[in-house]
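# Secondary and tertiary structure notes
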Amino acid sequence: MGWTRKDLLSIRELDAAEIVLLVETAASLQEIAGREIKKVPALRGKTIVNLFYENSTRTRTSFEIAGKWLSADVVNFSAGGSSAAKGESFIDTARNIAAMSPDVVVVRHASAGAAEILARTLPCSIVNAGDGAHEHPTQALLDLLTIKEHKGHFEGLSVAIVGDITHSRVARSNIHGMRKLGMTVTVAGPPTLIPPFVQELGVKVAYRLEDAIRDVDVIMMLRLQQERMSSGLIPSLREYSRYWGLTLDKLRAEARPDVLIMHPGPVNRGVELSPEVADGPYSVILDQVAKGVAVRMGVLLLLAGARGEAA
Ligand code: CP
């Protein structure tokens, strides 16, 4: 099948074949990172604007690298250094950017639905690089590519997603993707950080870390998103870490020896993960980051309609 969508707004809107196409396209582009000259002409003459209203290290950098490796012209916009600081609205800013004829706008915003509003308003392709607690589709795609390369398949795998589920766009995108690809998902965290009715997404719920991580293929630990929390959802970081922090002792006691430890970053070392786990033999965290570039190349290629021209 071919790609037909103008935008990439969520994993929820995709079917399994579209997710597999995105993952396979990214997989085929990974070899560019190993070339001496990391440049292919696929998006020559195309312009990509990274419109970031929230902080980012991995997503913004990897979209920039991806665009440049594909020979596109890449412009980075940060709200802090722009006329947004003088009061220009999000939609006015976006309309002004669109007037400069970009082919793709990659947007990150604290409000759920921000990418969808742009997709309805602007003629260019829109990529959601994270909208509030809603979705982060390219993060889920790079997580899926990492799982596929380490485990060889999707169907039948079991995953525990642990931590601040309520505020996590990463959890939401991964749940949709993993369920569509035939994986079993358990979410786990303190009751205050598990959204009501989460079972309606087709997941199980565990309220003890030990119960969640026993006998699963993948453990995905999440950052506590304190910037999105009202106060009082956890008693203290220390108590959270005691009950929900993943340590080598807990891993050795409960998890399979071939379990993958994932985390979207940034990691709060000593809170959700001990440094020994973050840097240890089960961790694929930096592999996830590396795959982020290939996934973002794949997304840009498919959206800009230049699939197959990278070789
Ligand atoms: N995983 C992720 O989105 O990281 P950044 O916030 O650094 O982009």
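Report follows, based on the coordinates. (Residues numbered from 1 in each chain as written. Predicted model: local features only at pLDDT ≥ 70, side-chain atom pairs only at ≥ 80, totals over all residues. Heavy atoms only, no water.)

## With respect to the site of the ligand
Taken together, the neighbourhood of the ligand is formed by Ser56, Thr57, Arg58, Thr59, Arg108, His136, Gln139, Pro264 and Gly265. One of the side-chain nitrogen or oxygen atoms of Thr59 is found 2.6 Å away from an oxygen atom of the ligand. Gln139 is positioned such that a nitrogen or oxygen atom in its side chain is 3.0 Å from a nitrogen atom of the ligand. In isolation the ligand exposes 260 Å². Once the protein is present, 92% of that is buried. Residues belonging to the shell around the ligand are distributed by class as follows: 1 nonpolar, 6 polar and 2 charged. Built from parts of two domains, the shell around the ligand gets at least three residues from each of domain 1 (16-135 + 292-303) and domain 2 (137-289). (Near = heavy atom within 4 Å. Polar contact = N/O pair within 3.5 Å; in protein donor to acceptor, adjacent residues only side chain to side chain. Areas by Shrake-Rupley, 256 points an atom, 1.4 Å probe, with all protein chains shown as cover. Nonpolar A, V, L, I, M, F, W, Y, C, P; charged D, E, K, R; others polar. Domains from an automatic or database assignment.)

## Here's the deal with the pattern of salt bridges
Pairs can form between side chains of opposite charge once their charged atoms are near each other. Summed over all chains, the structure comprises 17 salt bridges. Three or more residues are tied together by salt bridges with common partners; here these are Arg208, Glu210, Asp211, Arg214 and Glu254. (Salt bridge = Lys/Arg side-chain N within 4 Å of Asp/Glu carboxyl O.)

## Points about helix 4 (residues 114-121)
Turning to helix 4, its buried residues are Ala114, Ala115, Leu118 and Ala119. Along the long axis of helix 4, the arc covered by the buried residues comes to 140°, so they all point the same way. (Buried < 20%, exposed > 50% of the residue type's maximum accessible area, 1.4 Å probe, protein only. Helix = DSSP H or I, 4+ residues; strand = E, 2+ residues; numbered from the N terminus. Arc of directions from axis to C-beta.)

## Some details on the pairing of strand 5 (residues 158-162)
Across the 5 residues of strand 5, 5 count as buried, placing the element largely inside the fold. Of the two faces of strand 5, both are covered, the one formed by Ser158, Ala160 and Val162 as well as the one formed by Val159 and Ile161. The pairing of strand 5 with strand 6 (residues 184-188) spans 5 bridges and is parallel. Bridge pairing in strand 6 links Ile161 to Val187. One crossover worth recording links strand 5 to the parallel strand 6 by way of helix 6 (residues 169-180), and it is right-handed. The pairing of strand 5 with strand 8 (residues 218-221) spans 4 bridges and is parallel. Among the inter-strand pairings, Ala160 is bridged to a residue of strand 8, identified as Ile219. (Pairing = 2+ DSSP bridges. Right-handed = clockwise from strand over helix to strand, strands pointing away.)

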